[in-house]
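Analysis of the macromolecular model
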Amino acid sequence: MVEVNTGYPRSLLGALKIARLVVAFVTFVCFAASKSHEAFIALAIMEFVITLLFFVLYLLKLDKKMKFLFWPLADIFNSLIAVLFFIIVCLCAIIIKTTTGTLVGGVFGLLLVVLCIADSVLLFKKITFNKPRGRNVITR
């Protein structure tokens, strides 16, 4: 039986993932409606799908069951790679601005960059390096 973390969507990290999902979807809709370059559309779809997969992973506590990968670190790498690609693509979309939809999609993409940076910073603060994990730690 899969356990659901009902508190995750109400947490700061969960709300940030939901915001990333919404902004990535709006970015996709803007790029698709304005018939922008296929690379713009594909990047927005990929970010939406990958963020959705990480959201479901944390929501269903699958990160605790699948221990073959350190999931928060994978999430940070995903966020930083998304930042790199979205900065390039969205600045190109804003500079080219063939249509209003492309311009709006570029602006929402830059908003998504800010959300990805915030998500990676919060995840990095949550990760403990060289410290014991769990609640069994004796504090002095």
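Residues numbered from 1 in each chain as written. Predicted model: local features only at pLDDT ≥ 70, side-chain atom pairs only at ≥ 80, totals over all residues. Heavy atoms only, no water.

Points about the overall build of the chain
When helices and strands are tallied, the chain shows five helices and zero strands. Of the regular secondary structure in the chain, the N- to C-terminal order runs α-α-α-α-α. With the principal axes as the frame, the chain shows a C-alpha extent of 60 × 35 × 25 Å. Taken over 140 residues, the chain has a buried fraction of 36%. A sequence separation of at least 24 residues applies to 74% of the contacts in the chain between residues at least 6 apart. For the chain, the accessible surface area stands at approximately 8,800 Å², while carbon and sulfur atoms represent 74% of it. Counting 15 positive and 6 negative side-chain charges, the chain places the centres of these two groups 9 Å from one another. (Helix = DSSP H or I, 4+ residues; strand = E, 2+ residues; numbered from the N terminus. Buried < 20%, exposed > 50% of the residue type's maximum accessible area, 1.4 Å probe, protein only. Contact = heavy atoms within 4.5 Å. Areas by Shrake-Rupley, 256 points an atom, 1.4 Å probe, with all protein chains shown as cover. Lys, Arg positive; Asp, Glu negative; His and termini not counted. Charge placed at Lys NZ, Arg CZ, Asp CG, Glu CD.)

A word on the packing of helix 4 (residues 71-96) against helix 5 (residues 100-126)
At their nearest, the axes of helix 4 and helix 5 sit 8 Å apart, and the two run at 155 degrees to each other. Comparing their axes, helix 5 and helix 4 come out roughly antiparallel. Crossing angle aside, the handedness with which helix 4 passes helix 5 is left-handed. Broken down by class, the residue content of the contact of helix 4 with helix 5 amounts to 20 nonpolar, six polar and two charged. (Axes fitted to C-alpha atoms, helices over the stretch in contact; angles between N-to-C directions. Parallel < 35°, antiparallel > 145°, perpendicular 65-115°, else oblique. Left-handed = near helix turned anticlockwise from the far one by under 90°. Nonpolar A, V, L, I, M, F, W, Y, C, P; charged D, E, K, R; others polar.)

Comments concerning helix 4
Under the 1.5 Å per step criterion, the end-to-end length of helix 4 is 37 Å for 26 residues, consistent within 8% with the ideal 38 Å. Looking at helix 4, one finds that the buried residues are W71, P72, D75, I76, N78, S79, A82, V83, F86, V89, C90 and A93. Elements that come into contact with the buried residues of helix 4 comprise helix 1 (12-33), helix 2 (38-59), helix 3 (62-65) and helix 5. Trailing helix 4 by a residue or two, K97 shows a phi angle of about 35 degrees, which is positive. (Expected span 1.5 Å × (residues − 1).)

Structural notes on the UniProt feature "transmembrane region" (unreviewed entry) in the chain
In the numbering adopted here, UniProt assigns the feature "transmembrane region" (unreviewed entry) to residues 12-34, 40-60, 72-96 and 102-124. As a span, residues 40-60 carries 95% helix and 0% strand, and end to end its C-alpha atoms are 30 Å apart. What you have in residues 102-124 is 100% helix and 0% strand, and the ends, taken at the C-alpha atoms, are 32 Å apart. (UniProt positions renumbered as here; feature names shortened; annotations may be inferred.)

Notes on the side chain of T51
With respect to the helices and strands, the residue T51 is situated in helix 2. On the accessibility criterion, T51 (1% relative accessible area) is buried. The contacts of T51, once residues within four sequence positions are left out, are K17, R20 and L21.

A look at the pattern of salt bridges
Enumeration over the complete set of coordinates arrives at five salt bridges. For D75, the salt bridge identified is with K17, shortest N-O distance 2.6 Å. Taken together, the residues span a long stretch of sequence, with D75 in helix 4 and K17 in helix 1 at a distance of 58 residues. Considered together, D75 and K17 belong to a single accessibility category, that of buried residues. Here R20 ties to E47 by a salt bridge, and the two come within 2.4 Å at their closest N and O atoms. A residue pair is termed long-range when its members are at least 10 positions apart, and R20 in helix 1 and E47 in helix 2 qualify at 27 residues. The residues R20 and E47 share a single accessibility class, namely buried. Where salt bridges share partners, they join K17, R20, E47, D75 and D119 into one cluster. (Salt bridge = Lys/Arg side-chain N within 4 Å of Asp/Glu carboxyl O.)

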